[in-house]
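Letter by letter, the chains look like this.
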Amino acid sequence: MAGIAAMLLAGILGTAMGLNNTATYLASGVAFVAVSLWVDSRISRHRDAVRRAAPDTGPEAGAGLSLDTDSPKREG
């Protein structure tokens, strides 16, 4: 979502600055990729911090927990 917003903002600014359509399109694509990679790195850092902060008491510590978004929330 943030990447799309950055793309729209870059498109509006590019048009306002008088860039031609090709330059505006390329600037919008670069903004989308840059913001998307930045957000992805922030999410990864947050997940790593949560993983490090979780107490590890042995092999059975995380048996019921999963970071997979497709896993079911409960059994049954």
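Below you will find a few notes about this structure. (Residues numbered from 1 in each chain as written. Predicted model: local features only at pLDDT ≥ 70, side-chain atom pairs only at ≥ 80, totals over all residues. Heavy atoms only, no water.)

### Examining the overall build of the protein
Reasoning step 1: When you go through the protein residue by residue, the secondary structure sums to two helices and zero strands.
Reasoning step 2: As displayed, the protein has an accessible area near 6600 Å², and 63% of this comes from carbon and sulfur atoms. (Helix = DSSP H or I, 4+ residues; strand = E, 2+ residues; numbered from the N terminus. Areas by Shrake-Rupley, 256 points an atom, 1.4 Å probe, with all protein chains shown as cover.)

### Considering a nonpolar patch on the surface
Reasoning step 1: A surface patch of nonpolar side chains, amounting to about 540 Å² of accessible area, comprises Ile-4, Met-7, Leu-8, Phe-32, Val-33 and Leu-37.
Reasoning step 2: Every element with two or more residues in the nonpolar patch is listed here: α1 (2-16) and α2 (21-53).
Reasoning step 3: For Val-33, the position within the fold is in helix α2. (Patch = residues over 30% accessible without salt bridge, like charges linked within 9 Å, V, L, I, M, F, W, Y side chains within 5 Å. Salt bridge = Lys/Arg side-chain N within 4 Å of Asp/Glu carboxyl O.)

### As for the pattern of salt bridges
Reasoning step 1: This structure, assessed with the given rule, holds one salt bridge.
Reasoning step 2: One salt bridge in this structure joins Asp-48 and Arg-51, with 3.7 Å as the shortest N-O distance. You can see Asp-48 and its partner Arg-51 sitting in helix α2, three residues apart, about one turn around the helix.

### Notes on the side chain of Ser-28
Reasoning step 1: Note that Ser-28 resides in helix α2.
Reasoning step 2: With residues up to four places along the chain from it excluded, the contact list for Ser-28 reads Met-7, Ala-10 and Gly-11. (Contact = heavy atoms within 4.5 Å.)

### Remarks on the packing of α1 against α2
Reasoning step 1: Look at α1 against α2: their axes get within 8 Å of each other, and the N-to-C directions meet at 150°. Judged by the angle between their axes, α1 and α2 are roughly antiparallel. As α1 packs across α2, the resulting crossing turns out to be right-handed. Note on element contacts: α2 touches α1 through Thr-24, Ala-27, Ser-28, Gly-29, Ala-31, Phe-32, Val-35, Ser-36 and Val-39, opposite Ala-2, Gly-3, Ile-4, Ala-6, Met-7, Ala-10, Gly-11, Gly-14 and Thr-15.
Reasoning step 2: Classifying every residue of the contact of α1 with α2 gives ten nonpolar, eight polar and no charged. (Axes fitted to C-alpha atoms, helices over the stretch in contact; angles between N-to-C directions. Parallel < 35°, antiparallel > 145°, perpendicular 65-115°, else oblique. Left-handed = near helix turned anticlockwise from the far one by under 90°. Nonpolar A, V, L, I, M, F, W, Y, C, P; charged D, E, K, R; others polar.)

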